[in-house]
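Commentary on secondary and tertiary structure
One-letter residues, chain by chain:
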2 protein chains.
Amino acid sequence: MSVTDQIIEAGQTVFVVDDDLSARESLCWLLNTEDIASRAFASAESFLDHWNPDLTGCITVDIRMPGKSGLQLQEELNARHNLMPVIVLTGHADVPVAIRAMKLGAYDFLEKPYSDDELLACVKNALALSREIDHAEIEISRLARALENLTDREREVMCLVVEGNTNKAIGVQLGISEKTVEIHRARVMEKTAARSLSELVRICLILKDKI
Amino acid sequence: MSVTDQIIEAGQTVFVVDDDLSARESLCWLLNTEDIASRAFASAESFLDHWNPDLTGCITVDIRMPGKSGLQLQEELNARHNLMPVIVLTGHADVPVAIRAMKLGAYDFLEKPYSDDELLACVKNALALSREIDHAEIEISRLARALENLTDREREVMCLVVEGNTNKAIGVQLGISEKTVEIHRARVMEKTAARSLSELVRICLILKDKI
DNA sequence: GCTGACATAGGGGTATTCCCTTATTATAAT
DNA sequence: ATTATAATAAGGGAATACCCCTATGTCAGC
């Protein structure tokens, strides 16, 4: 990976996916005039090759492309739990396609020809949203890493604690001494850096689908 | 209110909003063949007059209508925190309108002429979603009522408890005795029917925007 | 065989919570 | 005036949580 790549990936980038070279060039040029980093891809496949969960910014896609269409790209990105907003830009729009794109979670849908201002406003809003999503995601992954460091027993005790059980009840339920529960519980608080039971409950609620 | 109205409002109903009489009649007839209750309105205004937060089911709206348009109806319903899914049915669709409708939270967007099967599938899915929303909402309003019965002081203490403070710290913060905090706290647990601190934390997180 | 991680468990002490009782004061409603 | 509600506070005790310490057994990996 080159130094340039690292700089691009460190900040927000607009990933332009369009099979039409002149469309890519004019869009990247427009973004450049506003000091917005961009990177162009001539197909859904080439962007998917480049895609990774740590990219940040937003994506613009054309619908009609040789190979995977823009909608298929959306589907694949959804399957990969992509967090970047997707803006659909297309000259060949009809209502059913627009609806499908929106149902697939498109952030917005612009018909060519669109005005520069319209597109820039849309991209800037998408980048702002991306920033918010990233901040939330950083916190979530920090907590997720903490939970991954728990042993199975600690996780088990944590769940029972969060459900509102006392150490004594947990001991009975797991067939171990209250003292041992106490130790597991203390380790959970230490590893998750939770400073109170309510903080632990909040952590578990945020990550309830990842435990 | 007639007995018929009560029966209609007790269960799920499809609220058909369309200025075209024959469109209303054919849609209600179709729904009737599937034993789905429906009620027709000739304008956005007349439906809004009838609307109340306790209605359950889904809504179908045409876009182009004299008076308030379908999109304006969506805006007004959103302002009133309507929970029923809105299905947009229109014969005069263009992409920008479809996108606006979806951004306003439309559940689906069907162009006339649509097939009966297509519409029925859409309505049935919307009704299933409505059922889920209602179940969640019943629980939320039950909890909200409980929180409304709290006194100001109890609510204040509850928030500090949920933030992870000890009774002693809360007493210092509010300038009252730890003993008094203890009493407020006990009343909070009693009124919210929370059987543990973790349950109280969960209740507060669910209602965090309503406290 | 040794080390490290993990689960187990007890002793002992302090802090905190939870539950009972009683009591005073203020304010609002009847 | 009387009643009801809310906020205040204290004493006392049981249960629980939290903190220190030591200690044993297992099991994987070197």
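Residues numbered from 1 in each chain as written. Chains lettered and ligands numbered in written order. Predicted model: local features only at pLDDT ≥ 70, side-chain atom pairs only at ≥ 80, totals over all residues. Heavy atoms only, no water.

1. Describing the overall build of chain A
Broken down by element type, chain A carries 10 helices and 5 strands. Taking 211 residues into account, the globule formula puts the C-alpha radius of gyration at 17 Å, and chain A, at 23 Å, lies well above it. In terms of its C-alpha atoms, chain A occupies a principal-axis envelope of roughly 70 × 40 × 30 Å. By the burial criterion, 43% of the 211 residues in chain A qualify as buried. Long-range pairs, those at least 24 residues apart, make up 63% of the contacts in chain A between residues at least 6 apart in sequence. (Helix = DSSP H or I, 4+ residues; strand = E, 2+ residues; numbered from the N terminus. Rg over C-alpha atoms; globule rule 2.2 N^0.38 Å. Buried < 20%, exposed > 50% of the residue type's maximum accessible area, 1.4 Å probe, protein only. Contact = heavy atoms within 4.5 Å.)

2. Remarks on the sheet that holds strand β4 (residues 86-90) of chain B
All names here are of chain B. Pairing in this open sheet of 5 strands is parallel, and the strands run β2-β1-β3-β4-β5 from one edge to the other. The sheet is open, and its two borders are formed by β2 (37-41) and β5 (108-111), each paired with just one other strand. Across the sheet, the axes of successive neighbouring strands diverge by a mean angle of 20 degrees, strand direction being ignored. By the bridge criterion, 5 bridges tie strand β1 (residues 13-17) to strand β3 (residues 57-61) in an arrangement that is parallel. (Pairing = 2+ DSSP bridges. Axes fitted to C-alpha atoms, helices over the stretch in contact; angles between N-to-C directions.)

3. Overview of the protein's contact with DNA strand C
Surveying the vicinity of DNA strand C reveals 14 residues, the closest of which are R153, S177, K179 and H184 of chain A together with E182 of chain B. Sugar and phosphate atoms represent 58% of those atoms of DNA strand C found within 4 Å of the protein. Backbone polar atom of S177 of chain A to a phosphate oxygen of DNA strand C: 2.5 Å apart, as the coordinates give it. Residue K179 of chain A places a side-chain N or O atom 2.5 Å away from a base oxygen belonging to DNA strand C. Only α9 (178-192) of chain A together with α8 (167-174) and α9 (178-192) of chain B provide two or more residues apiece to the surface near DNA strand C. (Near = heavy atom within 4 Å. Polar contact = N/O pair within 3.5 Å; in protein donor to acceptor, adjacent residues only side chain to side chain.)

4. Let's talk about the interface of chain B and chain A
The partner chain A presents 22 residues to the 22 residues of chain B that form the contact. In total, chain B and chain A occlude about 1700 Å² of area from one another, counting both sides; carbon and sulfur atoms represent 71% of this. The interface formed by chain B and chain A holds 2 salt bridges in total. Residue K103 of chain B pairs with D108 of chain A through a salt bridge whose shortest N-O separation is 2.6 Å. For the interface between chain B and chain A, the tally reads 8 residue pairs in polar contact (both at pLDDT 80 or more). Put simply, the parts of the chain that give the side of chain B that touches chain A at least two residues each are α5 (95-103), β5, α7 (152-162) and α10 (197-206) of chain B. The element contributing the most residues to the side of chain B that touches chain A is α5 of chain B, with 6 residues. Looking at the side of chain B that touches chain A residue by residue, the classes come out as 13 nonpolar, 3 polar and 6 charged. (Buried area = accessible area lost by both parts, 1.4 Å probe. Salt bridge = Lys/Arg side-chain N within 4 Å of Asp/Glu carboxyl O. Nonpolar A, V, L, I, M, F, W, Y, C, P; charged D, E, K, R; others polar.)

5. Some remarks on the confidence of the model for chain A
Close inspection of predicted coordinates is inappropriate for parts of the model with low pLDDT. All names here are of chain A. With 95% of its residues at a pLDDT of at least 70, chain A reaches an overall mean of 92. Mean pLDDT in chain A bottoms out at helix α1 (residues 3-10), which sits at 35, and peaks at helix α4 (residues 70-79), which reaches 98. Confidence over residues 1-10 falls short of pLDDT 50; this stretch has 9 contacts with residues more than four positions distant or in other chains. (pLDDT = per-residue confidence, 0-100.)

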